[in-house]
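Residue-level structure breakdown
Residue strings, one per chain:
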Amino acid sequence: MDSKSLFAKAQTLMPGGVNSPLRACKYVNSEPVFIENAKGAYLWDVEGRQYIDYVFSWGPQILGHQDPAVSEAAHKAIDHGSSYGAPCYGEIALAEEINKLIPSMEMMRMVSSGTEATMSALRLARGYTGRNKFVKFIGNYHGHADAFLAAAGSAAAVVPGTPGVPEEVTSHTLLAQYNDLDAVKELFKESGDEIACVILEPAAGNMGLVLPTDGFLQGLRDLCDQYGALLIFDEVITGFRLARGGAQERYGITPDLTTLGKIIGGGFPVGCYGGKREIMEHMAPVGGVFQAGTLSGNPVAMAAGLATLKRLQECDYEALEKKTIALSNELVSIMKEKGQSVYLAQAGSAFTMYFSDKPVTNMVESGQCNADAYATYWQQMLANGIYLAPAGFECSFTCFAHTDEDFEKTLEAARKVQF
Ligand SMILES: *Cc1c(COP(=O)(O)O)cnc(C)c1O
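In every chain, residue numbers begin from 1 and rise along the written sequence. Reporting of local features is limited, given that this is a predicted model, to residues whose pLDDT is at least 70; pairs of side-chain atoms are given and counted only at 80 or more, and all residues count toward the totals for whole chains, interfaces and linings. The side-chain figures draw on all heavy atoms in the structure; neither hydrogens nor water molecules are used.

**Looking at the UniProt feature "modified residue: N6-(pyridoxal phosphate)lysine" (unreviewed entry) in the chain**
Under the feature "modified residue: N6-(pyridoxal phosphate)lysine" (unreviewed entry), the UniProt entry names K262. Tracing the sequence through the fold places K262 in the loop between strand 9 (257-260) and strand 10 (271-275). Relative accessibility thresholds used throughout: buried, under 20% of the residue-type maximum; exposed, over 50%; partly exposed, between the two (1.4 Å probe, protein chains only). With relative accessibility at 25%, the residue K262 sits in the partly exposed group. Only heavy atoms matter for contacts: two residues are in contact if any of them lie within 4.5 Å across the pair. Once you skip the residues sitting within four places of it in the chain, K262 turns out to touch W58, G59, P60, V236, I237 and V270. UniProt positions are given in the numbering used here, feature names are shortened, and annotations may be inferred rather than shown by experiment. Secondary structure counts use DSSP, requiring at least four H or I residues in a row for a helix and at least two E residues in a row for a strand, with both numbered from the N terminus.

**Here we look at the site of the ligand**
Put simply, a residue is near a molecule or strand once any heavy atom of it comes within 4 Å of that molecule or strand. As a structural note, the neighbourhood of the ligand is formed by S113, G114, T115, Y141, H142, G143, E201, N206, D234, V236, I237 and K262. For the purposes of these results, a polar contact is taken to be a pair of N or O atoms within 3.5 Å, where, inside protein, one atom must be able to donate a hydrogen and its partner to accept one; residues adjacent in sequence count only when each atom of the pair is a side-chain atom. The contact in question runs from an oxygen atom of the ligand to an N or O atom on the backbone of G114, over 2.9 Å. One of the backbone N or O atoms of Y141 is found 3.2 Å from a nitrogen atom in the ligand. Residue-level accessible areas treat just the shown protein chains as cover; the underlying method is Shrake-Rupley with a 1.4 Å probe. A total of 390 Å² of accessible area belongs to the ligand in isolation, and the protein chains cover 83% of it. Three classes are used: nonpolar for Ala, Val, Leu, Ile, Met, Phe, Trp, Tyr, Cys and Pro, charged for Asp, Glu, Lys and Arg, and polar for all others, with Gly counted as polar. Considering only residue class, the shell around the ligand consists of 3 nonpolar, 6 polar and 3 charged.

**Section: the environment of V165**
Among the structural elements, V165 can be located in the loop between strand 5 (133-138) and helix 5 (167-170). With relative accessibility at 17%, the residue V165 sits in the buried group. On a C-alpha basis, the gap between V165 and P359 in space is 33 Å, while along the polypeptide they are 194 residues apart. In this structure, V165 is in contact with D146, L149 and T170, ignoring residues within four places of it in sequence.

**Describing the domain arrangement of the chain**
Looking at the assigned domains, one finds that the chain contains domain 1 (3-63 + 316-416) and domain 2 (68-312). Taken residue by residue, the interface counts 32 residues in domain 1 and 31 residues in domain 2. Overall, the association of domain 1 and domain 2 removes approximately 2600 Å² of surface from exposure, summing both partners, and the carbon and sulfur fraction of that is 63%. Buried area: the accessible area, evaluated with a 1.4 Å probe, that two parts lose upon being put together, summed over both parts. On the domain 1 side of the contact with domain 2, L63, Y317 and M363 bury the most area, a combined 26% of that side's loss. The salt bridge criterion pairs a side-chain nitrogen of Lys or Arg with a carboxyl oxygen of Asp or Glu, the two atoms within 4 Å. Put simply, domain 1 and domain 2 have 1 salt bridge between them. As a salt-bridge pair, E321 and R250 come within 3.0 Å of each other at their nearest N and O atoms. Mapped by element, the contributors of at least two residues to the side of domain 1 that touches domain 2 are helix 11 (317-337), strand 11 (343-347), strand 12 (350-354) and helix 12 (363-367). The leading source of residues in the side of domain 1 that touches domain 2 is strand 12, at 4 residues. Domains are outlined according to an automatic or database domain assignment.

**Section: the sheet that holds strand 11**
Backbone-to-backbone hydrogen bonds join strands into a sheet, with any given pair of strands oriented parallel or antiparallel. With antiparallel pairing, 3 strands are arranged side by side in an open sheet as 11-12-14. Each end of this open sheet is capped by a strand with a single partner; those strands are strand 11 and strand 14 (396-397). Note on pairing: two strands pair once DSSP finds at least 2 bridges between them. Note: strand 11 against strand 12, 5 bridges, orientation antiparallel. Paired with A345 across the strands is T352, a residue of strand 12.

**Some details on the sheet that holds strand 13 (residues 386-387)**
Sheet architecture is open: 4 strands sit in the order 1-2-3-13, paired in mixed fashion. Two strands bound the open sheet, and with one partner strand each, they are strand 1 (35-39) and strand 13. Here strand 2 (residues 42-45) pairs with strand 3 (residues 50-53) via 3 bridges, running antiparallel. Across the sheet, L43 pairs through a bridge with Y51, a residue of strand 3.

**A short note on helix 13 (residues 371-383)**
Helix span, expected: 1.5 Å multiplied by one less than the number of residues in the helix. Between the first and last C-alpha of helix 13 there are 18 Å, a value that for 13 residues agrees with the 18 Å anticipated at 1.5 Å per step. By the burial criterion, the buried members of helix 13 are A373, Y374, A375, Y377, W378, M381 and L382. Lining the buried residues of helix 13 we find strand 3, helix 11, strand 12, strand 13 and helix 14 (404-416). Taking the backbone nitrogen of D372 as reference, a side-chain oxygen 3.1 Å away marks N370 as the first, capping residue of helix 13. Positive backbone phi, at 90°, marks G385, one or two positions downstream of helix 13.

Written out as structure tokens, the structure reads:
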């Protein structure tokens, strides 16, 4: 088996040969490698080549692949049956752990993906406030539910207002540039009594990493309080990543509702939304807002998620951040020596090195980066054994399984890149 022939075959069976668009590697003018095995910080493709991973399944595997405690928990759970469709203890155990790390999530509901978490949180915000409009930021990605597919980030960034979403559905979606508090003030001035919520990535990860500027999150908190709208933090990437307690811990701003995904499932399909008890009690069967799921609270996924969160409590976030700062700054120096203009954004164990001569604070600036330079960098890094996200507008992630030697090898690979 080789990646090239597998990709050819895959394209006869799946659109673009993939089950999620970015995996096709179009934005780096390449074809994907097919992965056969993953352990610790490494991936192996079907041809036996080893890579140092900086994608980690787009975020979930912060402990590295096949963390022994997580694997053991999942194996044990499977031996008790893979799905019940009835309550199980694992749901309580995971919810308690989440509540411990993110106290603003007084009550929560498990689902099976980040997409489900955000679409349910939006429905709840609308049901709770009795309002339809909501504010979303250009270049923020909240999964692929219809209402969010207006100027979304990630793979959706290149398909603005995707076909298949009726205009009426996104007519309630009010858009603003990220970090533009004045634009949000204007939206509230115009239609404040119709706005159910503001939803955002408290540090954006789907237009490259874009950090909130000073006062932005607090400003949104104040506006929501002033107009009786809910503030929703989509922490699907940032949860357990920017800090153990997510972006809300790191920046000290408390949202009304939080959505989680990625890390929370330890590599299994889990999403979660939650927040103030009084709001969450509007969900069925206590309240009238409907949401359900056949595999929600799946016992294997709960066990893997719980093992992941427990392991994270022994992990040294500060040490990983320090290493991430050192690695990313050194990458920047290497690129600059090669005559490239780069701008670095970094927080916790996430960073994006933009091929840009200006700071990136929103989607417009992210969109102006040099995609060709990133493609060249990506292709040669892959050839040198480094697996990066196949698009310049994504984050790179470090993980607790990376060693100093891995970082040294990564820098060596970067030194060899030719533009
Ligand atoms: C990945 C992501 C989602 C969607 O999660 P899925 O599990 O892919 O459905 C939602 N919001 C953010 C911020 C994400 O990064």
